[in-house]
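An overview of the molecular structure
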Amino acid sequence: MNADRVGRRVLLGVNVDHVATLRQARGTSFPDPVEAARLALEAGADGITVHLREDRRHVQEHDVRRLRATAGCKLNLEMAATDEMAAFALDVRPEDVCIVPERRAELTTEGGLAVAGNESTLAPLVGRLVDAGIRVSLFVDPDRGQVEASRAVGAQVVELHTGRWCDASGDAAASELRALREAADAAVRRGLVVNAGHGLTTGNVGPIAALPAMNELNIGHSIVARAVYVGIGEAVREMRRAIDRALAGE
Ligand code: PXP
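A few points on the structure. Remember, predicted model here, so these are calculated numbers, not experimental data.

Observations regarding a nonpolar patch on the surface
Residues Val228, Tyr229 and Val230 make up a contiguous nonpolar surface patch of roughly 350 Å² in combined accessible area. Look at tyrosine 229 and you get exposed, because its relative accessible area is 70%.

Here's what the structure looks like:
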């Protein structure tokens, strides 16, 4: 067993966007992402993540407000770097905001945020959120330049995009994992908290959970998909066990 991992806990944030996707598909009031969040928390999730997209394709503002009012729910709001979203976040006051790039035509968040090169627009927006006591995370590709720029604009957290690693195999996967490890280590050296997410499943989460710098994993699609078969509580417990197995070096 790796001594570095003993007693370490990696937090699990459960993204319930796709519970809302199912609801919106029929314009009903069910399934309710807030009820799913409550069950996920009961099953051991450390927090709940939702992405309020510009096109409101899944989660709605009232969902975020109801999650905010849910006892014991550490809320991570993913949002685009717009004034409209910043005003909403300042009104709702989630514990965490994760700023993500957003394109209307994309199926999901496709790549990391271009922080480097956009410092002058991001720094004031990050500053307003941080001044209000919200912890700000930037969703970036595992790239040193993006990590350094994230620190420079005042973010306290980087969430590393694991999508490319999840899609890769063989040598390409090894090189993506190396990039994730190096970006995570660089972030920690700069005093940033390191989270990660995108495309993670019980089958691939191990190497990411085991990265020494890892603080929290935000996982949605695979948990909600698994919940169709076994229920969301069991899907969350399965993910928790997969993360803990990796930390135990199994
Ligand atoms: N983190 C961020 C910033 C995301 O945009 C997403 C997708 O909404 C996730 C994590 C979760 O990804 P997945 O749904 O593939 O688990």
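Alright, that's what it looks like, and here's the rest.
Examining the side chain of threonine 70
Its place among the elements puts threonine 70 in the loop between helix H3 (61–68) and strand S3 (75–79). According to the relative accessible area criterion, threonine 70 is buried, its value standing at 16%.

A closer look at the pairing of S3
Judged by how many residues are buried, S3 sits mostly within the fold: five of five residues are covered. Of the two faces of S3, the one carrying Leu75, Leu77 and Met79 and the one carrying Asn76 and Glu78 are both buried. Where strand S2 (residues 47–51) meets S3, four bridges bridge the pair, whose relative direction is parallel. Its bridge partner lying in S3, threonine 49 is registered against asparagine 76. Taken together, S2, H3 and S3 constitute a β-α-β crossover, and its handedness is right-handed. Note that S3 and strand S4 (residues 96–99) share four bridges and pair parallel. Counterpart to asparagine 76 in the pairing with S4 is aspartate 96. For the crossover from S3 across helix H4 (residues 83–92) to S4, the handedness is right-handed.

Quick notes on the packing of helix H10 (residues 221–230) against helix H11 (residues 232–247)
Running from amino to carboxyl end, H10 crosses H11 at an angle of 130°, the nearest separation of the two axes being 7 Å. If you check the angle between H10 and H11, you find them oblique. Note that H10 runs across H11; the crossing there is right-handed. Of H11, the residues touching H10 (which contributes Ser222, Ile223, Arg226, Ala227 and Val230) are Ile232, Glu234, Ala235, Val236, Glu238 and Met239. When the residues that make up the contact of H10 with H11 are grouped by side-chain class, the tally is seven nonpolar, one polar and three charged.

What counts and what doesn't
- Residues numbered from 1 in each chain as written.
- Predicted model: local features only at pLDDT ≥ 70, side-chain atom pairs only at ≥ 80, totals over all residues.
- Heavy atoms only, no water.
- Patch = residues over 30% accessible without salt bridge, like charges linked within 9 Å, V, L, I, M, F, W, Y side chains within 5 Å.
- Areas by Shrake-Rupley, 256 points an atom, 1.4 Å probe, with all protein chains shown as cover.
- Salt bridge = Lys/Arg side-chain N within 4 Å of Asp/Glu carboxyl O.
- Buried < 20%, exposed > 50% of the residue type's maximum accessible area, 1.4 Å probe, protein only.
- Helix = DSSP H or I, 4+ residues; strand = E, 2+ residues; numbered from the N terminus.
- Pairing = 2+ DSSP bridges.
- Right-handed = clockwise from strand over helix to strand, strands pointing away.
- Axes fitted to C-alpha atoms, helices over the stretch in contact; angles between N-to-C directions.
- Parallel < 35°, antiparallel > 145°, perpendicular 65-115°, else oblique.
- Left-handed = near helix turned anticlockwise from the far one by under 90°.
- Contact = heavy atoms within 4.5 Å.
- Nonpolar A, V, L, I, M, F, W, Y, C, P; charged D, E, K, R; others polar.

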